[in-house]
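Chain by chain, the residues:
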Amino acid sequence: GIGLGFSAADAGADADAEAEGDGDGEAVEGAPLAPFTAIEDRSLRLLGRKGLSRRELERQLEQAGYTSGDVADELDRLESVGLVDDFALAQQLVVTLQERKGLGRGAIGAELARRVVAPAAIAYALDLVDDGEELDRARDLASKRMRSLQGLDQVTANRRLSAYLLRRGFSGSAVRAAVDSVRSA
């Protein structure tokens, strides 16, 4: 296991010191904390790997065999301390999916739904997607992709470029504008 720098004897000494305290009922600094329960340990390990939505974590804990009551209590505890937050997760995913994967609003919404993020958090996060920035991203992707379509006739290149951008989740109007800007360049 992981060495924490103290032994069980040290923990016993801390407990004795707390019992010998001034009797005002306050915890003595340095007193041992209660050990994690199995479900707390499991949930923290899962969250340590990647950010999970409340529903994703709930599914994984239930698949691990924990009762629905224990799972609900653990999820409420994690939400109360800010370790499970669908709104923050949705914001983080929007940034990641836009910047790293170059996805548009439609594909981002689909990915958030696939990750079982709360619908209100999805709506909030998609409201953060700036239409101007999305159009700029579509134009950038279109110009990069158009280089590989140079040898094709104009109609085929436009069709393939449009299909590519639509698969990336850009709206029809953003695709049209991006294709038009690449053609006129």
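As the structure is a computational prediction, the values presented were derived from the model and not from experiment. (Residues numbered from 1 in each chain as written. Predicted model: local features only at pLDDT ≥ 70, side-chain atom pairs only at ≥ 80, totals over all residues. Heavy atoms only, no water.)

K.L.:
Quick question: what am I supposed to make of helix 9 (residues 154-167) here?
P.N.:
Residues separated by three or four positions in an α-helix point in the same direction, a consequence of the helix having 3.6 residues per turn. Counted at 1.5 Å a residue, the expected span for helix 9 with its 14 residues is 20 Å, and the 20 Å between its end C-alpha atoms agrees. Every buried residue belonging to helix 9 is among Thr156, Ala157, Asn158, Leu161, Tyr164 and Leu165, and all of these are buried. Turning to helix 9, the residues buried within the fold contact helix 8 (131-148) and helix 10 (172-184). One side-chain oxygen of the residue at the start of helix 9 lies 3.3 Å from the amide nitrogen of Val155, identifying that residue as Asp153. (Helix = DSSP H or I, 4+ residues; strand = E, 2+ residues; numbered from the N terminus. Expected span 1.5 Å × (residues − 1). Buried < 20%, exposed > 50% of the residue type's maximum accessible area, 1.4 Å probe, protein only. Contact = heavy atoms within 4.5 Å. Polar contact = N/O pair within 3.5 Å; in protein donor to acceptor, adjacent residues only side chain to side chain.)

K.L.:
Is there a simple way to think about the packing of aromatic side chains in this case?
P.N.:
Two aromatic rings are characterised by how far apart their centres lie and by the angle between their planes. Applying the stated criterion across every chain yields a total of 1 aromatic pair. Centre to centre, the rings of Phe87 and Tyr124 are 5.7 Å apart; their planes meet at 65 degrees, and the pair counts as edge-to-face. Taken together, the positions of Phe87 in helix 5 (residues 86-99) and Tyr124 in helix 7 (residues 119-127) put the pair 37 residues apart, joining distant regions of the chain. Tyr124 gets classed as partly exposed once you look at its relative accessible area, which sits at 38%. In this arrangement the basic side chain of Arg145 is found over the ring face of Tyr164, its NZ or CZ atom lying 4.2 Å from the centre. (Phe/Tyr/Trp six-rings, centres within 6.5 Å; stacked < 30°, edge-to-face > 60°. Lys NZ or Arg CZ within 6 Å of the ring centre and 35° of its normal.)

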